[in-house]
Amino acid sequence: MLVYFIRRMMQAVLVLFIMSILVFVGVFSIGNPVDILINPQADQEEIARAIRVLGLDKPLWEQYWLFLVNAARGDLGRSFVFNIPAIELILQRMPATMELAICATFMGVLMGIPLGMWAGLKPDSVSGKSIMAGSILGFSLPTFWVGLMLIMIFAVYLGWLPSTGRGQTRNFLGIELSILTWDGIKHMMMPAFNLALFKLSLVIRLARAGTREAILQDYVKFARAKGLRSGRIIGVHVFKNIMIPIVTVLGLELGSTIAFAVVTETVFAWPGMGKLIIDSINLLDRPVIVAYLMIIVFMFIVINLVVDLMYSVLDPRVRIAEARG
Amino acid sequence: MTATTPEIVAESAVAAKPQTPFRRFVSDFFESRVATAGLVVFALVLFVALFAPLISPQNPYDLTKLDILDGRLTPGAKSMDGMTFLLGTDDQGRDMLSAIFYGLRTSLGVGVTASFCAMMIGMAMGLTAAYFGGMVDTFIMRIVDMQLSFPSILIALILLAVLGQGVDKIVIALIAVQWAYYARTTRGTALVERRKEYIEAAQCLALSNKRVVFRHLLPNCLPPIIVVNTVLIANAIALEATLSFLGLGLPITEPSLGLLIANGFTYLLSGKYWISFFPGVALLVTIVSINLVGDQLRDVLNPRLQK
Amino acid sequence: MTDAAPTLVVENLRTHFFTKAGVVKAVDDVSFTVGKGRILGLVGESGSGKSVTGFSIMGLVDAPGRVVGGRILFRGENLAEASEEQVRRLRGSRIAMIFQDPMMTLNPVLRIDTQMIEAVQAHDSVDRETARRRARDALGKVGIPSPDERLQAYPHQFSGGMRQRVAIATALLHKPDLIICDEPTTALDVTIQGQILYEMQKLCRDSGTSLVWITHDLSVIAGLADEVCVMYAGRIVEAGTVDEVLDRPLHPYTLGLIGSVPSRNVRGRPLAQIPGMTPSLLGLPAGCAFRTRCGRADDACLITPEISAPLPDRPIRCFHPVLAGPA
């Protein structure tokens, strides 16, 4: 287990290293770094000073080293627009995005697993088929358009839910959270559902396929032969088996949920990192772009790592195989 | 799956239906009514996209034809000079139906071009990896794995942040996002095919690498690539629409469906739904029809599912 | 036969599968009796309906199949007409079942203790500790060393033979009156197979548990069972005590089965074999289902043979019994 952990850690560090080179090459070499990193409104003297400070007159490998050292110290430049460190700006916006992504994931799981299991247990029933048709639609619908339609229905025509912002937040352990106030929850509903839609479709498919496969297995028949009630068979024997792929996929998807939050945040004017990056791209606030990319890449690597480890905890077979390997 | 399965399948297929593989494929495909409907709808969409300038009631980008006084008319309303706007107009008095026709043209054009280029690059990479193996294989597949561990939108975002806007830029971004899927599919299939005896036979005949790869290996790898291709065209269209909606994709001069939807966003809140609604429906119909065709192709071309 | 009332009486059982291609009569008019403490062997090729018979008794026939006729009298109670809840109460407590493939019968993601404790608690309202103790004792009884530790393990940490022992221990938790064994030794090594056969036989003798042993392996039956029923295409074609049936088969099919078993006595001579293969249950030949593979078949066999008893206590379904003795 420990060996496995260490090996996975080393892989993660390697990927981070490669990504840092890519982002560095992308931002510092393809574009003109002077344009990217220095405020275009600065005068000649300021530019010359900034070039010196940032070491842009040094050879490329030395610049990369400087970039790495600065990044390790948490310094990825200052936002032109807000004039605060880019990292700080992103970290300020991060809780909103994380809250949205986590709520969406929970929504996807809490709705998707029962629906998917139902569809898997009754694949030929009308309800089962409708659930599947819904999930196919969920895959095909463009997220942003669904967001607009949600706003149209629930905010414009029915007037039930607010369409922009986080609403009232409450501080919890130093983090502002919407979910702690009723107003916040109302603001959260549409964006979370919008972001959850794709995940929901995915979970339904996974749960349905897993259930259909599991109920044909001998262990389910054996469990029935033991005289267990069907509630326990479905709730424990089938459920635990289908959870493995679902947790893996959802864990891996948490990263993409955060990435796709860009769309939902733009639609619902949700003040998270995603909206920040879009605004930054439109305003050419490049240090923020670089910082966002590095942070999200880092998050991805961490998420992939955690999922792999969780997977090995959940599935005893993998645990042993990996330990031996 | 064991190595014997395809042979058994082939034998029984030959015994059952004495017809060419292509005709069998066609008849299998049309067995599903849903898929047939999908294909018909997609053909319609394609027709509209190809002939948009001929069938549109109005050239939506000829500014001399637009009248700002016709702006934001509801569906079915009549213009100042007597023309009926079936799906209403946008803020500049542009007929939405015409705008959607032209938007489809752009969306499909970008999606198909990008997917096709990505397929070429990905297939070349996948075949190279599978045929040569060893270090080449490891190197290419590591890149593919790493790229696939990041969501497509993030990669597109990174590229567009670096490259800027434009049709060429978004095509490049879509290619960069998609080539890895093709590479992985091609390599996987090619590896299976490469172990089969006909490749060995071809190599024993001392045919050139080029000939073995292109005349023998590639044609046998095509079915799964075709399936992936349909799905990825739909994905490319959806991703392009999303990026355009975010303002990162196509310039305002060549509005795709995504941009049309984005334009209508402002007016949605005041109840003028049609500017966003109808382009979205067009997008949805396009994507769903492609996906239906893709699903059926996957079932028909999958040897494991053949009777 | 024993004096006590029989544990299980199956009368005219019919289990059909309603598939798109047609009705599959997997079990068609099957009757047999298992006395207390007796072992009944149910022999047949794959697809002969022997497993479905077992599942029918357990009430575990899955859609599109269902029991369409006959009675399953377990200690006098007709399971074919009992409610699902009544049958569930019996399953695992009074009637247990052991499956063919030990690799598949234990849930791979649940620990052994979870799977055994839940089996105890499904029928007796005891606390976890008591249930655990009973699970441990059961594991010890089937010869699993250091059962306390093994309870903590996951199925994949066991070998096939050990897993089958766990399954047997689970089946024994409630000291059932009847255990249905669906080829429990087929997937195991011969030595392990021998150990398990021996232990099952011993358990049966000690506790008075009856067994229905489903197998395609006549040699297993020869060493284990008291009575035997030979199944072909959903019907019992021959029944009797093991000694009589094996020494003097009356049905041509039984004769063929016995002839197919390789043994030292027939070395050097070509093995007898039954030509052809088990017919699809969807397209059974009219009349006697074995007709197309039988050397003795004639026009009489175009009519489905009813049960007849050419010798006392030897019911068979054949117009041309092998009365001359084994060839």
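The structure displayed is predicted, hence computed values, not measured ones. Residue numbers run consecutively from 1 along every chain, following the written order of its sequence. Whichever chain is written first becomes A and whichever ligand is written first becomes 1, with later ones labelled in order. Where totals are concerned, whole chains, interfaces and linings use all residues; where local detail is concerned, this predicted model gives features only for residues with pLDDT of at least 70, and gives and counts side-chain atom pairs only at 80 or more. Side-chain measures here rest on the full set of heavy atoms in the structure, leaving out hydrogens and waters.

1. As for the overall build of chain C
By the criteria applied, helices consist of DSSP H or I runs no shorter than four residues and strands consist of E runs no shorter than two, each listed in order from the N terminus. Counting secondary structure elements, chain C contains 11 helices and 12 strands. The size measure is the radius of gyration over C-alpha atoms, and the globule rule it meets is 2.2 Å times the number of residues to the 0.38 power. Computed over the C-alpha atoms, the radius of gyration of chain C is 20 Å, within 12% of the 20 Å expected from 2.2 N^0.38 for a compact globule of 327 residues. Taken over the C-alpha atoms alone, chain C extends approximately 65 × 50 × 45 Å along its principal axes. Relative to its 327 residues, chain C shows a buried fraction of 53%. Across chain C, every contact between residues at least 6 apart in sequence was considered, and the portion connecting residues at least 24 apart equals 63%. Only the protein chains shown count as cover for residues, with accessible areas throughout obtained via the Shrake-Rupley method and a probe of 1.4 Å. Total accessible area on chain C stands at roughly 14300 Å², and carbon and sulfur atoms take up 52% of it. Accessible area is worked out with a 1.4 Å probe on protein chains only. A residue is then buried under 20% of its type maximum, exposed over 50%, and partly exposed in between. Pairs of residues are marked as contacts when any of their non-hydrogen atoms sit within 4.5 Å.

2. What to know about the nonpolar core
Think of a nonpolar core as a cluster: buried Ala, Val, Leu, Ile, Met, Phe, Trp, Tyr and Cys residues, connected wherever their side-chain atoms sit within 4.5 Å. Ranked by internal contacts, the top residues of the largest apolar core, which has 128 residues, are F144(A), Y292(A), L157(B) and F245(B). No other element matches helix 10 (residues 209–245) of chain B, which puts 17 residues into this core. Taken domain by domain, the makeup of this core includes at least three residues from each of domain 1 (2–72) and domain 2 (92–324) of chain A. Residues contacting Y292(A), with those up to four places away along its chain left out, are I90(A), V262(A), M273(A), I277(A), L154(B) and L157(B). Grouped together as the second largest cluster of nonpolar side chains are 94 residues, I98(C), A131(C), A169(C) and I196(C) included. For the domain bounds, the source is a domain assignment made automatically or taken from a database.

3. Overview of the environment of D313(C)
Residues and elements named next belong to chain C. Examined against the element boundaries, D313 turns out to sit in the loop between strand 11 (308–311) and strand 12 (314–316). Note on D313: relative accessible area 69%, which makes it exposed. In this structure the C-alpha to C-alpha distance between D313 and G240, which are 73 residues apart in sequence, comes to 6.6 Å. Once you skip the residues sitting within four places of it in the chain, D313 turns out to touch A239 and G240.

4. Quick word on the interface of chain A and chain B
Counting residues at the interface gives 38 residues for chain A and 33 residues for chain B. Reported buried area values correspond to the accessible surface (1.4 Å probe) lost by two parts on association, with both partners' losses combined. Note on chain A versus chain B: buried area summed over both sides is about 3100 Å², and carbon and sulfur give 85% of it. It is F144(A), W145(A) and L148(A) in chain A that bury the most area against chain B; as a group they hold 20% of the surface buried on that side. We define a salt bridge as a side-chain nitrogen of Lys or Arg found within 4 Å of a carboxyl oxygen belonging to Asp or Glu. On the surface where chain A and chain B come into contact, there are 0 salt bridges. Polar contact is the term for a pair of N or O atoms within 3.5 Å; when the atoms are in protein, one must be able to donate a hydrogen and the other to accept it, and sequence-neighboring residues count only if both atoms are side-chain atoms. Along the contact surface separating chain A from chain B lie 2 residue pairs in polar contact (both at pLDDT 80 or more). Within the residue set of the side of chain A that touches chain B, elements represented by two or more residues are helix 1 (2–30), helix 6 (126–140), helix 7 (143–157), helix 10 (230–267), helix 11 (273–283) and helix 12 (286–314) of chain A. Ranked by residue count, the leading element in the side of chain A that touches chain B is helix 7 of chain A, at 8 residues. Each residue is assigned to one of three groups, with Ala, Val, Leu, Ile, Met, Phe, Trp, Tyr, Cys and Pro labelled nonpolar, Asp, Glu, Lys and Arg labelled charged, and all others, Gly among them, labelled polar. Considering only residue class, the side of chain A that touches chain B consists of 31 nonpolar, 7 polar and no charged.

5. Examining the interface of chain A and chain C
Each partner contributes to the interface: chain A provides 21 residues, whereas chain C provides 30 residues. Contact with chain C buries area across many residues of chain A, yet K221(A), F222(A) and K226(A) alone supply 27% of it, more than any other trio. Between the two partners, chain A and chain C, sit 4 salt bridges. Where R224(A) meets D62(C), a salt bridge forms, and the shortest distance between an N and an O atom there is 2.9 Å. Counting every contact that joins chain A to chain C gives 14 residue pairs in polar contact (both at pLDDT 80 or more). Mapped onto the side of chain A that touches chain C, the elements with two or more residues apiece are helix 9 (218–225), helix 10 and helix 13 (316–324) of chain A. Residue classes in the side of chain A that touches chain C are distributed as 8 nonpolar, 4 polar and 9 charged.

6. Some words on the confidence of the model for chain C
As a per-residue measure, pLDDT reflects the predictor's confidence and takes values from 0 up to 100. When pLDDT is averaged along chain C, the result is 83; 95% of the residues meet or exceed 70. Per the prediction output, this complex has pTM 0.77; the corresponding ipTM is 0.83.

7. A closer look at the packing of aromatic side chains
Aromatic pairing here means that ring centres of Phe, Tyr or Trp (its six-membered ring) are within 6.5 Å. Orientation follows from the plane angle: under 30 degrees is stacked, over 60 is edge-to-face, and everything else is tilted. Applying the stated criterion across every chain, the model contains 11 aromatic pairs over all chains. Summarising the aromatic geometry, the rings of F144(A) and F245(B) are spaced 4.6 Å apart at their centres and angled 25 degrees between planes, so their arrangement reads as stacked. One end of the pair, F144(A), is in helix 7; the other, F245(B), is in helix 10, on a second chain. For the pair formed by F144(A) and F245(B), the shared burial category is buried. With 5.8 Å between their ring centres and 50 degrees between their planes, F55(C) and F99(C) make a pair best called tilted. Remark: F99(C) occurs in the loop between strand 6 (95–98) and helix 3 (102–105) and F55(C) occurs in helix 1 (residues 50–58); sequence separation between them is 44 residues. Its relative accessible area of 13% is what places F55(C) among the buried residues. By way of ring pairs, the aromatic residues W145(A), F277(B) and F278(B) are connected into one cluster. For the cation-ring pair, K221(A) lies above F55(C), with the distance from its terminal atom to the ring centre recorded as 3.8 Å. The criterion is that NZ of a Lys, or CZ of an Arg, lies within 6 Å of the ring centre and within 35 degrees of the ring normal, and then a charge sits over that ring.

8. Here's the deal with the domain arrangement of chain C
Residue and element names in this part refer to chain C. Domain parsing of chain C yields domain 1 (1–94 + 175–327) and domain 2 (106–173). Using only C-alpha atoms to locate each centre, domain 1 and domain 2 end up separated by 30 Å. Taken residue by residue, the interface counts 16 residues in domain 1 and 12 residues in domain 2. Taken over both partners, the interface formed by domain 1 and domain 2 buries close to 1100 Å², and the fraction arising from carbon and sulfur atoms is 60%. Put simply, domain 1 and domain 2 have 1 salt bridge between them. One salt bridge connects E199 with R165, and the closest N-O pair in it is separated by 3.3 Å. Counting the contacts that link domain 1 with domain 2 gives 6 residue pairs in polar contact (both at pLDDT 80 or more). Listed by contribution, the elements that provide at least two residues to the side of domain 1 that touches domain 2 are helix 2 (84–90) and helix 8 (190–207). Counting residues per element, the side of domain 1 that touches domain 2 draws most heavily on helix 8, at 6 residues.

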